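Here are the chains, one letter per residue:
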Amino acid sequence: MIKFFLMVNKQGQTRLSKYYEHVDINKRTLLETEVIKSCLSRSNEQCPFTEYKDFRLIYRQCAALFIVVGVDDTETEMAIYEFIHNFVEVLDEYFSRVSELDKMFNLDNVHIILDEMVLNGCIVETNRERILAPLLILYDRLSL
């Protein structure tokens, strides 16, 4: 099960965070700081799977952003790595390119995309057309 999903820039600033189990606000800040530090300190030649306390971390760099997913022992690392890749492809399709500014100015749309893909820490949808359908309907209604 996915425990948390983080999107951070190269400076270590959290751009998006989503938790699928309750974590106290103070502990979230500490957790994010330590997780980001451990992922950013790794070289490109190292495996993108690592362990941190009772989580397994899977991360991927996409342009200037790092996507970090914390999971428990029931998840397969490669499945989560493919999920991250699919998430980036959906963002690419929606935003035409993945840039940090696009995410910052359209954070609500990024949350909608993530919510369409993950429900209560379980991946429920991977089809790009189905993931983007609610956003396209919303966009069509707003343009009327």
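Above this text sits the structure in question.
Remember, it's a predicted structure, so these values are computed and weren't measured experimentally.

## Quick word on the pattern of salt bridges
Opposite charge on two side chains permits pairing when their charged atoms draw close.
Move 1: The final tally for this structure, using the stated rule, is eight salt bridges.
Move 2: Two residues, Arg128 and Glu89, come together in a salt bridge whose shortest N-O distance is 2.4 Å. With Arg128 in helix α5 (residues 128-143) and Glu89 in helix α2 (residues 77-95), this pair connects stretches of sequence that are 39 residues apart.
Move 3: By relative accessible area, which is 33% here, Arg128 ends up partly exposed.
Move 4: Residues participating in the shared-partner salt-bridge network are Lys3, Glu21 and Asp72.

## What to know about the pairing of strand β2 (residues 14-19)
Move 1: Of the pairings in the sheet, the one linking strand β1 (residues 2-9) to β2 comprises five bridges and is antiparallel in character. Paired with Phe5 across the two strands is Lys18, which belongs to β2.
Move 2: Two successive antiparallel strands, β1 and β2, enclose a turn made up of four residues, where Gly12 displays a positive phi of approximately 90 degrees.

## Re unusual backbone geometry
Most peptide bonds take the trans form, and the phi angle of most residues other than glycine is negative.
Move 1: The backbone phi angle of Lys53 is positive, close to 50 degrees, even though this residue is not glycine.
Move 2: The topology assignment puts Lys53 in the loop between β3 (49-52) and β4 (55-62).
Move 3: Given the relative accessible area of 66%, Lys53 is considered exposed.
Move 4: For Asn120, which is not glycine, the phi dihedral falls at a positive 55 degrees.
Move 5: The exposure class of Asn120 is exposed, given its relative accessible area of 58%.

Rules behind the numbers
- Residues numbered from 1 in each chain as written.
- Predicted model: local features only at pLDDT ≥ 70, side-chain atom pairs only at ≥ 80, totals over all residues.
- Heavy atoms only, no water.
- Salt bridge = Lys/Arg side-chain N within 4 Å of Asp/Glu carboxyl O.
- Helix = DSSP H or I, 4+ residues; strand = E, 2+ residues; numbered from the N terminus.
- Buried < 20%, exposed > 50% of the residue type's maximum accessible area, 1.4 Å probe, protein only.
- Pairing = 2+ DSSP bridges.

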